[in-house]
Protein chains: 2
Amino acid sequence: MPKLDTSLIAGLPPFEGLQREELAQVLSSARSLRFAREAAIFEQEAEAHSFFVLLDGYVRVVRTTPEGEQVIVRYISEGEVFGIAAALGRTTYPATAIAAVDCVVLAWPSALWPELSARFPLIGVNTYKTVGNRLQDAHTRVVEMSTEQVEQRVAHALLRLVRQTGRQTDEGIEIDFPITRQDIAEMTGATLHTVSRLLSAWEEQEIVRSGRKRVIVRDPHRLVLKAESREDG
Amino acid sequence: MPKLDTSLIAGLPPFEGLQREELAQVLSSARSLRFAREAAIFEQEAEAHSFFVLLDGYVRVVRTTPEGEQVIVRYISEGEVFGIAAALGRTTYPATAIAAVDCVVLAWPSALWPELSARFPLIGVNTYKTVGNRLQDAHTRVVEMSTEQVEQRVAHALLRLVRQTGRQTDEGIEIDFPITRQDIAEMTGATLHTVSRLLSAWEEQEIVRSGRKRVIVRDPHRLVLKAESREDG
DNA sequence: CCGCCACTTTGCGCGAGCGCAAGTTTCCGG
DNA sequence: CCGGAAACTTGCGCTCGCGCAAAGTGGCGG
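Residues numbered from 1 in each chain as written. Chains lettered and ligands numbered in written order. Predicted model: local features only at pLDDT ≥ 70, side-chain atom pairs only at ≥ 80, totals over all residues. Heavy atoms only, no water.

Going by an unreviewed UniProt entry, chain A carries the name Crp/Fnr family transcriptional regulator and comes from Chelativorans intermedius.

> Hey, could you run me through the protein's contact with DNA strand D in this one?
Close contacts around DNA strand D come from 19 residues, with Val150 and Thr194 of chain A together with Arg181, Ser196 and Lys213 of chain B the closest. Each atom of DNA strand D within 4 Å of the protein was assigned to sugar, phosphate or base; sugar and phosphate come to 69%. Arg181 of chain B places a side-chain nitrogen or oxygen 2.9 Å from a phosphate oxygen of DNA strand D. A distance of 2.5 Å is found between a phosphate oxygen of DNA strand D and a side-chain nitrogen or oxygen belonging to Ser196 of chain B. (Near = heavy atom within 4 Å. Polar contact = N/O pair within 3.5 Å; in protein donor to acceptor, adjacent residues only side chain to side chain.)

> What should I look at first to understand unusual backbone geometry in this one?
Among all residues except glycine, the phi angle is most often negative; among peptide bonds, the trans geometry is most common. The phi torsion at Glu45 of chain A lies on the positive side, around 80 degrees, for a residue other than glycine. Secondary-structure assignment places Glu45 of chain A in the loop between strand 2 (40-42) and strand 3 (50-56). Here the phi dihedral of Glu206 of chain B falls at roughly 60 degrees; this positive angle occurs in a residue that is not glycine. Residue position: Glu206 of chain B is located in the loop between helix 6 (192-204) and strand 11 (208-211). (Helix = DSSP H or I, 4+ residues; strand = E, 2+ residues; numbered from the N terminus.)

> Just checking my understanding: could you explain helix 7 (residues 220-228) of chain A for this structure?
Turn by turn, an α-helix covers 3.6 residues, leaving residues three or four places apart pointing in a common direction. Residue and element names in this part refer to chain A. If you check which residues of helix 7 are buried, you get Leu223, Lys226 and Ala227. Along the long axis of helix 7, the arc covered by the buried residues comes to 100 degrees, so they all point the same way. For helix 7, exposure combined with an orientation more than 90 degrees from the buried face picks out His221 and Glu228. (Buried < 20%, exposed > 50% of the residue type's maximum accessible area, 1.4 Å probe, protein only. Arc of directions from axis to C-beta.)

> Teacher, can you tell me more about the pairing of strand 11 of chain B here?
Regular strands show a simple pattern: their side chains alternate between the two faces of the sheet. Residues and elements named next belong to chain B. By the alternation rule, side chains of strand 11 split into Val208 and Ser210, which are all buried, and Arg209 and Gly211, of which none is buried. Sheet topology note: the strand 11/strand 12 (residues 214-217) ladder contains 4 bridges and is antiparallel. The partner of Ser210 across the bridge, within strand 12, is Val215. With antiparallel pairing between neighbouring strands as the criterion, strand 11 and strand 12 make up a hairpin whose turn holds 2 residues, including Lys213 at a positive phi of roughly 60 degrees. (Pairing = 2+ DSSP bridges.)

> I keep staring at the relation of the copies chain A and chain B and nothing clicks. Help me out?
Here the second copy of the chain follows from the first by a rotation about an axis and a shift along it. The two copies are related by a screw operation: chain A maps onto chain B through 180 degrees of rotation and 0.0 Å of translation along the axis, at an RMSD of 0.0 Å. Such a turn and shift between the copies fits a two-fold axis. Counting the interface residues of chain A, we find that 97% of their copies in chain B are interface residues as well, pointing to one common contact surface. (Least-squares fit on C-alpha atoms with pLDDT ≥ 70 in both. Contact = heavy atoms within 4.5 Å.)

> Quick question: what am I supposed to make of the protein's contact with DNA strand C here?
Neighbouring DNA strand C are 19 residues, the closest being Arg181 and Ser196 of chain A together with Val150, Thr191 and Thr194 of chain B. The sugar-phosphate share of atoms of DNA strand C within 4 Å of the protein amounts to 68%. Arg212 of chain A is positioned with one of its side-chain polar atoms (N or O) 3.1 Å from a base nitrogen of DNA strand C. Take Val150 of chain B: an N or O atom from its main chain is 2.7 Å from a phosphate oxygen of DNA strand C. Going through the elements one at a time, helix 6 (192-204) of chain A together with helix 6 of chain B are the ones with two or more residues in the surface near DNA strand C. It is helix 6 of chain A that contributes the most residues to the surface near DNA strand C, 4 residues altogether. Across the surface near DNA strand C, the residue classes tally to 2 nonpolar, 10 polar and 7 charged. (Nonpolar A, V, L, I, M, F, W, Y, C, P; charged D, E, K, R; others polar.)

> Which parts of the structure should I look at to understand the interface of chain A and chain B?
How big an interface is tends to be stated in terms of accessible area lost as the parts join. Facing 29 residues of chain A, the contacting portion of chain B comprises 29 residues. Taken over both partners, the interface formed by chain A and chain B buries close to 2,800 Å², and the fraction arising from carbon and sulfur atoms is 67%. The tally of links from chain A across to chain B stands at 0 salt bridges. Seen at the junction of chain A and chain B, the total is 4 residue pairs in polar contact (both at pLDDT 80 or more). Elements with a minimum of two residues in the side of chain A that touches chain B: strand 5 (70-76) and helix 3 (121-147) of chain A. It is helix 3 of chain A that provides the largest number of residues to the side of chain A that touches chain B, a total of 17 residues. Partitioning the side of chain A that touches chain B into residue classes produces 12 nonpolar, 10 polar and 7 charged. (Buried area = accessible area lost by both parts, 1.4 Å probe. Salt bridge = Lys/Arg side-chain N within 4 Å of Asp/Glu carboxyl O.)

> Whenever I open this one, the domain arrangement of chain A confuses me. Can you help?
All names here are of chain A. Considered domain by domain, chain A is made up of domain 1 (6-140) and domain 2 (148-228). Relative to domain 2, the C-alpha centre of domain 1 lies at a distance of 26 Å. Listed per partner, the contact involves 12 residues of domain 1 and 11 residues of domain 2. Carbon and sulfur atoms supply 53% of the area that domain 1 and domain 2 bury against each other, a total of about 1,000 Å² over both sides. It is Tyr58, Ile72 and Tyr75 that lose the most area in domain 1 upon contact with domain 2, and together they represent 55% of the buried surface on that side. The interface formed by domain 1 and domain 2 contains 0 salt bridges. (Domains from an automatic or database assignment.)

> Explain the sheet that holds strand 3 (residues 50-56) of chain B here, please?
The pairing of strands in a sheet comes from backbone hydrogen bonds and takes either a parallel or an antiparallel form. All names here are of chain B. The 4 strands are arranged 1-8-3-6 in an open sheet whose pairing can be described as antiparallel. At either margin of the open sheet sits one strand with a lone partner, and together these are strand 1 (31-35) and strand 6 (81-82). For strand 3 and strand 8 (residues 103-109), the ladder comprises 6 bridges, and the chain directions are antiparallel. Its bridge partner being in strand 8, Val53 is matched across the sheet by Leu106.

Structural data, given as structure tokens:
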């Protein structure tokens, strides 16, 4: 196994505040792994053998119902931890993680979490802060699903993706990974048909520009209006 | 301030595994507080000065949208921690906590969390396990809201409340605190009208029995059927 | 370079559940 | 014991978004 360099993780949120020497120690028990686009990094219900930090790419976290319907729980961006079942006292993964593009991840054995978080308390603090934010996000989503129309929810979802992964282009801000109408539907509790209709309408109004697995937001401000008001702006 | 007895918290999940002497130390920095029915224990957006353990009663955790709509995030039962913003790196409460009945709580200053969780690692482990479960629950709810009809969601909500707080009576299992149609609506993303209609229909079918602020489940099994199948059983 | 498949678009009809409105019951405070 | 407000019930019409169906379109693999 090649020695991993501390520069890989220096500056990443989970390791914020650690010394170079400490980073090296943390890295010494990590493996680096690659996953091809659409490959599963871990599967729902499987034993949680590892936890991960995403070094490069994007990861889609998906829950599947007993009836086979899928819901996208969230997207993971570079520098985020994921699959941290161990830190939360679980022994199995509650969802499936799929590489949305070719990805590079670091993996630690779950069994190492207690030792690691004890030796480097900052890692624990940073991780639990992340968990707190995700709990927040999840509740926000419950509130949205309870109180908003589909149009508002889709607008909110796009705005969140733009904020999280937006890449400036000459046409507007583009979501930085391939995303289908079906994906957006699974994030918002709508059908791909309704999402397609909404995107078409917004394209008409020059708010977005979209194509096969691509979405570009041209006018974020007007999209915010869609997200906030019930009537048609 | 009266000295608090270790028997108050011995055996509660957050303090699982601690020695009597340790319990005493933990208690020494706690205050005991009472809240009358419908009183606010803390408010959304307010500075998170304390975190809490519920000794007696039930607490309703509510999020309010900018538009003034309310969503019930969860109910807290005896022995659960709540208001743990500090442990998740937040400085304000993300929701409002209301005593659903007269309540007794223990409160610790938020500033004490780092010290407390460092001195008694088990408290941290237990608390983060709870957080993990709540994150799970929140995601489960998102999935339900995305994939289920209102009838199924209401059935699921009732079953969860029965499991969490059910009290056996001669008529069936009763939800152990006053709960209105409006409350159930705010848990499920429905209107109180629809909830009322559902409860009436179920009363007709002798699945539940309900009155002013009361719900009794007479036939949990048939309610499970309602929760699981799309058509009318 | 071309064929195919995954992805997308669009039309049409319908039904779950909301919004509104009016009336009833229950409980609590005085 | 009584008055009023809070909680609950029920009816009716409408609309948002789904379900189904069918026809485009772009891009990748062979």
